[in-house]
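Observations on the model geometry
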Amino acid sequence: MDLAYIPSPSTGVIHLGPIPLRGYAFCIILGVFVAVWLGNKRWIARGGTAGTVADIAVWAVPFGLVGGRLYHVITDYQLYFSEGENWVDAFKIWEGGLGIWGAIAFGAVGAWIGCRRRGIPLPAYADAIAPGIALAQAIGRWGNWFNQELYGKPTDLPWALKITESANREAGLYHPTFLYESLWCVGVALLVIWADRRFTLGHGRAFALYVAAYCAGRVWTEYLRVDEAHHILGLRLNVWTAIVVFLLAVVYMVLSARMRPGREEIVEPRSRKAVEPAGDADEDAADGKDADTDTDPAEAVEEPADEAENGAGNGAGSAAKG
C-alpha cells in the first residue's frame, strides 16, 4: 500500500459555466504575466520606462508560442503524421506540447522585432526578462501535471506522482519530473537575480547564464523521462540539444565579458532624451549664453538700456513741441 504520493488531477479542464478553463493554458498564461511583471520591475531598475517590457512581449509571446509548438511537432512528428494519427491534432496546443527550445528561439525573434521598433538593444532587454522567463517555465510545467504527461521512471519515493490509466499511459507511481524541473527553474531565477546584482551583468550575460543553468538541469530531468522521444547515440534528442545550447551560452558569456565588459549605461532612448534638454541648458549657462536665444547675457542687458535712452529722448522732444 502506497502511503504517500502526489495525486494527479482527475481532469485537466475546469468548466466555469459554459467556458472551459484548461489547466495547461492557464499555467502558460499565468507564467507570461509573472515574466512580464518581474521583467518590468527589472527594466525600470535598469533605467528603462514602465510598459516597455509588455509592449515588446506583445511581439515575443506569440512568436514564442508558435516556435514552441513547431519544435514539438517537428521533433515528435510521429504523434501527428504517422499512420492512424490525425494531423489536425498538431494545432491543438491546449492538449500540451511546447518545446522550450523553439519557444526561446522564436520568442527572441519576436523580441528583436519589438526592440528594433523601440530602438532598444536586445541583449539589455533579454537580461531584464531572463529571471521572469525561468519563473514562467516553473509555472508552465504545472500544466504537464494537469495533463498527466512528461513524467519520469517508476519510483516508490514518497513524492512519487500517481498517474491514472488511459489509452496512452499505464497507471502507476512515477518520478514527478514536472516538479523537479519547476523547482529547478525557480532556482535558476534566483541564481540569475543574485549573479546580476553581484557581478553587474550586462550585454546579454544574465540571459546567457539563465540559458546555461536551465540546460544543466534539463539534462538530468530529461534523463528521467520515459515518454517517447528520438534518440541519437543512445541519448534523447533534448539531451543533445541541452548540451549544445549550454556550451553556446557559456562561450557567449566568456567572449562577451572580454569584448564588452560592464553593463549598458542607457537601455532606452526615451530615458536619454528626457535628460538631454537639461544637460544642454547647463552647458549653455556655463558658456555664459542664454539657453533659448544663444545670446550673451551682457548684450541682453545693454539692449533695454539703449531703448530707455531712446524713449527718454523721444519724450523730451514731444514735451518741447507741446
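Everything discussed here concerns the structure shown above.
Here goes a summary of the coordinates provided.

Parameters at a glance
Residues numbered from 1 in each chain as written. Predicted model: local features only at pLDDT ≥ 70, side-chain atom pairs only at ≥ 80, totals over all residues. Heavy atoms only, no water. Axes fitted to C-alpha atoms, helices over the stretch in contact; angles between N-to-C directions. Helix = DSSP H or I, 4+ residues; strand = E, 2+ residues; numbered from the N terminus. Parallel < 35°, antiparallel > 145°, perpendicular 65-115°, else oblique. Left-handed = near helix turned anticlockwise from the far one by under 90°. Contact = heavy atoms within 4.5 Å. Nonpolar A, V, L, I, M, F, W, Y, C, P; charged D, E, K, R; others polar. Buried < 20%, exposed > 50% of the residue type's maximum accessible area, 1.4 Å probe, protein only.

Topic: the packing of helix α1 (residues 23-45) against helix α5 (residues 122-140)
Where α1 contacts α5, the two axes come as close as 7 Å, and the packing angle between them is 150°. By the angle between their axes, α1 is roughly antiparallel relative to α5. Judged by the twist between their axes, the crossing of α1 over α5 is right-handed. The residues of α5 that touch α1, namely those facing Cys-27, Ile-28, Leu-30, Gly-31, Val-32, Val-34, Ala-35, Val-36, Leu-38, Gly-39, Arg-42 and Trp-43, are Ala-124, Tyr-125, Asp-127, Ala-128, Ile-129, Pro-131, Gly-132, Ile-133, Leu-135, Ala-136, Ile-139 and Gly-140.

Here we look at the packing of helix α8 (residues 205-224) against helix α9 (residues 237-259)
Relative to each other, α8 and α9 sit at 155°, their axes nearing to 8 Å. Taken together, the axes of α8 and α9 are roughly antiparallel relative to one another. The crossing of α8 and α9 is left-handed. Every residue of α9 that contacts α8 at Arg-205, Ala-208, Leu-209, Val-211, Ala-212, Cys-215, Ala-216, Arg-218, Val-219 and Glu-222 is listed here: Asn-238, Val-239, Ala-242, Ile-243, Val-245, Phe-246, Ala-249, Val-250, Tyr-252, Met-253, Ser-256 and Ala-257. Residues of the contact of α8 with α9, tallied by class, amount to 17 nonpolar, two polar and three charged.

Some details on the side chain of Asn-144
Mapped onto the secondary structure, Asn-144 falls in helix α6 (residues 142-147). Setting aside residues up to four positions removed in sequence, Asn-144 forms contacts with Tyr-24, Glu-149, Leu-150 and Phe-178.

So, the side chain of Thr-221
Secondary-structure assignment places Thr-221 in helix α8. On the accessibility criterion, Thr-221 (2% relative accessible area) is buried. Once you skip the residues sitting within four places of it in the chain, Thr-221 turns out to touch Thr-177, Tyr-180 and Glu-181.

Points about the environment of Gly-47
Structurally, Gly-47 can be placed in the loop between α1 and α2 (52-75). We classify Gly-47 as partly exposed; its relative accessible area is 37%. Residues Gly-47 and Glu-268 lie 221 residues apart in sequence; the distance between their C-alpha atoms is 7.4 Å.

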